[in-house]
Amino acid sequence: MIKFLLMVNKQGQTRLSKYYEQVDIEKRPSLEADVVKRCLSRKKEECSFVEYKDFKLVYRQYAALFIVVGISDTENELSIYELVHNFVEVLDTYFSRVSELDIMFNLDKVHIIIDEMIQNGHIVETNKNRILAPLLALDKMAEAH
């Protein structure tokens, strides 16, 4: 099961966080800081899977952004690694070469994409066209007005 998903920049600033398991709001900043520090301090040659407390971290770097996913011990690391890549491909398709600014200024749209892909900590959709369909429909409605 997916416990959380974070998008952070190289400076360790969280640009997006989505939790699928209850974590107290007061504990989130310290958890995020610790997780980000753990992932950002690793060398590029090192594995993108890290054991952390009672779960695992799977992360990927895309330019200046890191996407970190916390998962349970029973979740397949490679499937999550590919999910992250699929997520970035969907973002690239929608935003035409996604950047950190696209994420910051279109947080609602990024959340819609994540919600189409992951629900209650489980992967529910990987098809790019089906993931983007609700967002494209909303864009068409906005253009009509």
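Residues numbered from 1 in each chain as written. Predicted model: local features only at pLDDT ≥ 70, side-chain atom pairs only at ≥ 80, totals over all residues. Heavy atoms only, no water.

The name that an unreviewed UniProt entry assigns to the protein is AP complex subunit sigma, with the source organism given as Coregonus suidteri.

A.B. asks: How should the sheet that holds strand β5 (residues 65-71) be read in this particular structure?
C.D. replies: In a beta sheet, neighbouring strands are held together by backbone hydrogen bonds and run either parallel or antiparallel to one another. Read from one edge to the other, the open sheet built from 5 strands follows the order β2-β1-β5-β4-β3, with strand pairing classed as antiparallel. Among the strands making up the open sheet, the edge pair consists of β2 (14-19) and β3 (49-52). Adjacent strand axes in the sheet meet at a mean angle of 20 degrees when their direction is disregarded. Of the strands in this sheet, β1 (2-9), β2, β3, β4 (55-62) and β5 are in contact with helix α1 (residues 28-40), which crosses β1 at around 70 degrees. Together, β1 and β2 form the strand contacts of helix α4 (residues 107-117), whose direction differs from that of β2 by roughly 35 degrees. (Pairing = 2+ DSSP bridges. Helix = DSSP H or I, 4+ residues; strand = E, 2+ residues; numbered from the N terminus. Axes fitted to C-alpha atoms, helices over the stretch in contact; angles between N-to-C directions. Contact = heavy atoms within 4.5 Å.)

A.B. asks: Looking at this structure, how should I read the nonpolar core?
C.D. replies: Most often, soluble globular proteins have nonpolar side chains that are buried together. Membership of the largest hydrophobic core comes to 28 residues, with the highest contact counts inside it found for Met7, Phe87 and Ile113. Secondary structure elements with two or more residues in this core: β1, β5, α2 (77-95), α4 and α5 (128-144). With 9 residues, α2 is the single largest residue contributor to this core. Ignoring sequence-local partners within four residues, the contact set of Ile113 consists of Phe87, Val90, Leu91, Ile131, Leu132 and Leu135. Within the second largest apolar cluster, 16 residues are counted, among which are Leu31, Val36, Val50 and Leu57. (Core = buried A, V, L, I, M, F, W, Y, C linked by side-chain atoms within 4.5 Å. Buried < 20%, exposed > 50% of the residue type's maximum accessible area, 1.4 Å probe, protein only.)

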